[in-house]
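For reference, the chains in residue letters:
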Amino acid sequence: MVALSFLSRGPDAAVAGDRAPRARATLAALSVFVAGVSLLSLGVGAAGVSLSDVAWKLASGEALSLRERVVIFDIRLPRLLTGLLVGASLAVSGAVMQGLFRNPLADPGIVGVGAGAGLGAVLAIVLGGMLPAALLGVAGMHLVPLAAFLGGWVTTLVLYRVSTRRGRTSVATMLLAGIALGALAGALTGILVYIADDQQLRDLTFWGLGSLAGASWAKLAAAAPIMGLALVGAPVLARALNGLALGEGAAAHMGIPVQRMKNMAILTVAAATGAAVAVSGGIGFIGIVVPHLLRLAIGPDHRFVLPAAALLGAGLLLLADMIARLVIAPAELPIGIVTAVLGGPVFLWILLRRRGIVDM
Amino acid sequence: MLEALNIDAALGGKPVLQNASLRAQAGQLTVIVGPNGSGKTTLLRAITGDLAHSGTVRLNAQDTRKLPAWALAELRAVLPQASQLAFPFTVHEVVRFGLVGATALRADAAQLPGRALERVGLAGYGGRYFQELSGGEQARAQLARVLLQVWQPVVDGVPRWLFLDEPVAALDIGHQLQVMALAREFARAGGGVVAVMHDLNLTAMFADQITLMLDGQVLAQGSVHDVLTDAHLSRAYGCALRVSALPRAQQVFILPQATEIA
Amino acid sequence: MIRAALATLMLITPAAAQDRVVVIGGGLAEIVYALGQDHRLVGRDTTASFPPAVNDLPDVGYMRALSPEGLLQLDPDLILASEGAGPLETIQIMQAADVPFVQITEAPSVDAVMERVEMVAQHLHAQDAGAALVADLRAAFATLAHQTAQVTVPQRAMFVLSAQGGRINAAGRDTGASAMIELAGAVNAFDDFAGYRLLTDESIAAAAPDVIVMMDRDGDHALSDAEIASHPALGLTPAAQNGQIIRMNGIYLLGFGPRTAQAAHDLHKAIYPSLAHQGG
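Residues numbered from 1 in each chain as written. Chains lettered and ligands numbered in written order. Predicted model: local features only at pLDDT ≥ 70, side-chain atom pairs only at ≥ 80, totals over all residues.

### Structural notes on the overall build of chain A
- From N to C terminus, chain A includes 15 helices and 2 strands.
- Scored against the burial criterion, the 360 residues of chain A give a buried share of 56%. (Helix = DSSP H or I, 4+ residues; strand = E, 2+ residues; numbered from the N terminus. Buried ≥ 20, exposed ≤ 12 C-beta atoms within 10 Å, placed from the backbone.)

Take a look at the structure:
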């Protein structure tokens, strides 16, 4: 919650509206925050293995116990990396989508992209076995994230086509189309759940709980390339999203290849959301709250909002995961519940405070 | 040199431009005038590539359709008629979007947005939210952004261009004169300016060349004295208009003639 | 210090005497208690709720969403789990941590109950207690079979899993509920599909069950007699008309553990009140 301390300030008159220095300072602070939360996340857990003990043993060359090795390297480390990637992906895909739709309410979770990605994942789990064995062998672990990405991509594409006429996006159409697409994806998912056999139902249950508990090196290896590619590609979009804030025509005259950038933005949203959904199920509010807080803190310039969203999203998701792991240990809360409990009120508070700025 | 040749365009199946051609020289302020619905903004939008059209548009002898977006942005900037903005950017941040290409790499790039704001009379406005400005202030802030994009009117001997769609529509008379003077200054420094205007008297004061449109076609093209005649204007605007000469300068002004007097 | 001492202790203790056992699955927990081995338990999952003492143990969460670190926190040396436990990642991590993770069949049949008892007994090195329990269970099931043999006209029974929003979810073939209905000497009114399924009103009317069996539960999954009577399809069944509605504790009815013979006997008595009196 580093960014919160900036919320009350408007643009600084002394630097005449240039919020870049503040944004750079915030990026630095967020980096420290993420590093701190990461260490904390490695060190904290139900099993009571202490990071300092492990670090001391590693440094002094003393052998780790099997328990320590498993807890740190097989449980907490893949979980940490998954949390970082998923949090960053959710926040960045929210920011990109809001920039693309020119609206702070566009969030992959709200407008059905998450549901579309979920449908893709469920399709892969239930019908994946019908694929020819050769293809299945190639796709393997990547099938579910890949299918989630495709599901998210198709949904985003349809959503954009439906709600954008002549370069202007109708927010009402977007939200309504998002509800319709989400319901459609949910219904198709329901049909698939109905025809799923017992083993598939179990896979679906694990997957749908919205948790990082299933994090493993194998899953990470399958989804990390897609999320990584989206995160690396996102900064390229920054100037285009800034330009789009002035409208497509103005963006084009600023030298932005608008159509190509829009396609790339849609792919980025789909890849980041899809892979995140495939790994961790539905985790809400990161995609809408994080960019929102950042726009209040450092302004809407996407050159800063995108990297800051990656950092804040990653850090907040790790915090939420720690809460999920610890409150009812040895059992775990689904992390989606934690983000909703924390994110919902924050979002309402933002809406109340800045009603003028969030005009539709 | 801007050459827009044989431009045809349609909106919703209805032809709005028929074989319209326009030539403009760098170093001059070229103004497109005409009554409502004559196609003057449409012609500008065709020239800037905002509207599908047939015919060719050549800027500095290069077909604009064959230039990539970034190259075109280095060559010309376009001021839209209406401005929209999606997020709460400050004025400074909006103007800064005009830092494109080589200009962004200049050593004094950080100072340029402030200087562009000074030029349009918005010094000290950088820290305000763009969305909280008045309509006229927003228009001038957008002009500052566009101006920044082609900050040097001539680069390596190649002129750069400003396309302005009704740049003074929302402004009071003082700022109208300020903005028109700015456009003329850009032209005097070697750049090219093409502006769509409503106000015939401002046009008469500042234009080097005028294109008069009527019903999607070019009715007259040439110098102020060639185009702004009683006959042309009365035909184009469908009412009696008299062009008079100012006594001292060689300028003209236009007065509407009430029917009973005419 | 204490941890170190414990670790040393564990090293020298023979593998035969695991005394930090986590049990995943309500039926398995019952078996552990029935074998008298409950003093060795250190944890259980959410589905384990009988006998009541099991609730005092730490809960590691839902059996299908086990947290690896939560399990390791309990420092188990054996995890006895139903087949459905998971996820796979957690099982793999337990194996990496050298914690035996034993999966035991959860099939809903009499044979599987015996097999479960024998497997749990074997893994807890309590084979004698296991053999005694199996013998008891065999005797109980034999009595039950003797009882149900008296049934001449089998009743058609329907098991309602839930009735959320008036939509009836009922048990078909190959379910624990179906197996219990058969053990009790009745037949499942819905044997044309496998698993649990939402039913249309027409299919309920067509099946015309003589008896409705439900779990006694609260909330919007529950159905009161009045709701059954007013339900467009259930209300028309012979079961509702004759008031043949039976409610039993869920884990007792469907647990397929040591109490299953008793549960089937109770169900049999409820379905055939007059027969039960004759048989004693």
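### Re the overall build of chain B
- Secondary structure assignment for chain B yields 9 helices and 14 strands.
- On C-alpha atoms alone, chain B measures out to a radius of gyration of 19 Å, which is about the 18 Å that the 2.2 N^0.38 rule sets for 262 residues.
- When the 262 residues of chain B are sorted by exposure, 47% land in the buried category.
- Excluding contacts between residues fewer than 6 apart, the proportion of contacts in chain B whose partners are at least 24 apart in sequence is 64%. (Rg over C-alpha atoms; globule rule 2.2 N^0.38 Å. Contact = placed C-beta atoms within 7 Å.)

### Describing the sheet that holds strand β1 (residues 2-11) of chain B
Residues and elements named next belong to chain B.
- With antiparallel pairing, 4 strands are arranged side by side in an open sheet as β2-β1-β4-β5. Strand pairing shows two members of the sheet lacking a second neighbour, β2 (14-24) and β5 (62-63), which therefore form its edges.
- When strand β4 (residues 54-59) meets β5, the two strands line up antiparallel, connected through 2 bridges. Looking at β5, one finds that Arg58 is bridged to Asp63. (Pairing = 2+ DSSP bridges.)

### Digging into the sheet that holds strand β3 (residues 29-33) of chain B
All names here are of chain B.
- Pairing in this open sheet of 6 strands is mixed, and the strands run β6-β9-β10-β3-β11-β12 from one edge to the other. The open sheet has two free edges, formed respectively by β6 (76-79) and β12 (217-222), since each of these has just one partner strand. With strand direction ignored, the average angle separating the axes of adjacent strands in the sheet is 15 degrees.
- Inspection of the sheet shows β3 paired to strand β10 (residues 192-196) by 4 bridges, in the parallel sense. In the strand pairing of β10, Leu29 is matched with Val193.
- Across the sheet, helix α5 (residues 135-149) lies against β6 and β9 (161-165), angled at about 170 degrees from β6, the strand it touches most. (Axes fitted to C-alpha atoms, helices over the stretch in contact; angles between N-to-C directions.)

### Section: the nonpolar core
- Counting residues in hydrophobic clusters, the biggest one holds 274 residues, and the most contacted among them are Val92, Ala275 and Ala309 of chain A, Ala183 of chain B together with Met180 of chain C.
- Both domains that meet at this core, namely domain 1 (2-144) and domain 2 (156-279) of chain C, each give it at least three residues.
- In contact with Val92 of chain A, other than residues within four places in its own chain, are Leu231, Ala234, Ala272, Leu306, Ala309, Ala310 and Gly313 of chain A. (Core = buried A, V, L, I, M, F, W, Y, C linked by C-beta atoms within 7 Å. Domains from an automatic or database assignment.)

### Re the packing of helix α3 (residues 66-101) of chain A against helix α12 (residues 258-280) of chain A
All names here are of chain A.
- Two elements in contact, α3 and α12, have axes separated by 9 Å at closest approach and are oriented at 145 degrees. As α3 packs across α12, the resulting crossing turns out to be left-handed. Across from Thr82, Val86, Ser89, Leu90, Val92, Ser93, Val96, Met97 and Leu100 in α3, the residues of α12 making contact are Lys262, Ala265, Thr268, Val269, Ala272, Thr273, Ala275, Ala276, Val279 and Ser280.
- Classifying every residue of the contact of α3 with α12 by side-chain character gives 12 nonpolar, 6 polar and 1 charged. (Left-handed = near helix turned anticlockwise from the far one by under 90°. Nonpolar A, V, L, I, M, F, W, Y, C, P; charged D, E, K, R; others polar.)

### Details of the interface of chain B and chain A
- Listed by partner, the interface residues are 27 residues for chain B and 27 residues for chain A.
- Counting only elements with at least two residues in the side of chain B that touches chain A, the list comes to α2 (69-75), β6 and α3 (91-96) of chain B.
- The element that contributes the greatest number of residues to the side of chain B that touches chain A is α2 of chain B, accounting for 4 residues.
- Each residue belonging to the side of chain B that touches chain A can be placed in one class, and the counts come to 16 nonpolar, 8 polar and 3 charged.

### Structural notes on the environment of Thr47 of chain C
Residue and element names in this part refer to chain C.
- Along the chain, Thr47 falls in the loop between β2 (41-44) and α3 (68-73).
- Along the primary structure Thr47 and Leu28 are separated by 19 residues, whereas in three dimensions their C-alpha atoms are 10 Å apart.
- Setting aside its immediate chain neighbours within four residues, Thr47 contacts Gly25, Gly26 and Met63.

### Description of the pairing of β3 of chain B
All names here are of chain B.
- Among the 5 residues of β3, 5 are classified as buried, and the element is accordingly described as predominantly covered.
- Here β3 shows no split at all, with Leu29, Val31 and Val33 on one side and Thr30 and Ile32 on the other all buried.
- Examined bridge by bridge, β3 and strand β11 (residues 209-214) share 4 bridges and lie parallel to one another. Looking at the pairing, Thr30 lines up with Gln209 of β11.

### A word on the environment of Ala25 of chain A
- Residue placement: Ala25 of chain A occurs in helix α1 (residues 20-43).
- Taking the C-alpha atoms as reference points, Ala25 of chain A and Leu237 of chain A, 212 residues apart in sequence, are found 22 Å from one another.

### Structural notes on the confidence of the model for chain A
- For chain A, per-residue confidence averages 83 on the pLDDT scale, and residues scoring 70 or more make up 87% of the total.
- A low-confidence stretch, residues 1-15 of chain A (pLDDT under 50), is modelled with 21 contacts involving residues beyond four sequence positions or located in other chains. (pLDDT = per-residue confidence, 0-100.)

### Quick look at helix α6 (residues 173-188) of chain B
Residue and element names in this part refer to chain B.
- With 16 residues, α6 ought to run about 22 Å at 1.5 Å a step, and its terminal C-alpha atoms sit 22 Å apart, in line with that.
- Residues Val179, Met180, Leu182, Ala183, Phe186 and Ala187 constitute the buried set of α6. Buried residues along α6 cover an arc of 150 degrees about the axis, so they all sit on one side. Of the residues in α6, the exposed ones pointing more than 90 degrees away from the buried face are Ile173, Gly174 and Ala181.
- On its buried side, α6 packs onto β3, α4 (112-119), α5, β9, β10 and α7 (200-206). (Expected span 1.5 Å × (residues − 1). Arc of directions from axis to C-beta.)

### Quick look at the packing of helix α13 (residues 286-298) of chain A against helix α14 (residues 302-326) of chain A
All names here are of chain A.
- In contact at an axis separation of 9 Å, α13 and α14 are set at 125 degrees when each is read in the N-to-C sense. Our classification of the angle between α13 and α14 gives oblique. Judged by the twist between their axes, the crossing of α13 over α14 is right-handed. Along its contact with α13, which presents Ile286, Val290, Pro291, Leu293, Leu294, Arg295 and Ile298, the element α14 presents Phe304, Val305, Ala308, Ala309, Leu312, Gly313, Leu316 and Leu317.
- Taken together, the residues that form the contact of α13 with α14 break down as 13 nonpolar, 1 polar and 1 charged. (Parallel < 35°, antiparallel > 145°, perpendicular 65-115°, else oblique.)

### Some points on the environment of Thr339 of chain A
Residue and element names in this part refer to chain A.
- Along the chain, Thr339 falls in helix α15 (residues 335-353).
- A residue is classified by how many C-beta atoms lie within 10 Å of it, and Thr339, with 28 of them, is buried.
- Separated by 15 residues in sequence, Thr339 and Ala324 have C-alpha atoms that sit 9.4 Å apart.

### Side note on the pairing of β4 of chain B
- Pairing analysis gives 5 bridges linking β1 of chain B to β4 of chain B, with the strands arranged antiparallel. Looking at β4 of chain B, one finds that Ala4 of chain B is bridged to Val57 of chain B.

### Here we look at unusual backbone geometry
- Omega for the bond connecting Phe50 of chain C with Pro51 of chain C falls within 30 degrees of zero, at -5 degrees, which places this linkage in the cis form.
- Considering the arrangement of structural elements, one finds Pro51 of chain C in the loop between β2 and α3.
- Backbone torsion omega between Gly86 of chain C and Pro87 of chain C reads 5 degrees, so that peptide bond is classified as cis.
- Mapping Pro87 of chain C onto the fold places it in the loop between β3 (78-82) and α4 (88-96).
- With a phi angle near 50 degrees, Asn19 of chain B is a residue other than glycine that sits in the positive phi range.
- Relative to the assigned elements, Asn19 of chain B resides in strand β2.
- One non-glycine residue with positive phi stands out, namely Asn60 of chain B, at about 50 degrees.
- Structurally, Asn60 of chain B can be placed in the loop between β4 and β5.

### Description of the confidence of the model for chain B
- Averaged over all residues, the pLDDT of chain B is 91; the fraction at 70 or higher stands at 97%.
- Overall fold confidence for the complex sits at a pTM of 0.83, while the interface term, ipTM, reaches 0.91.

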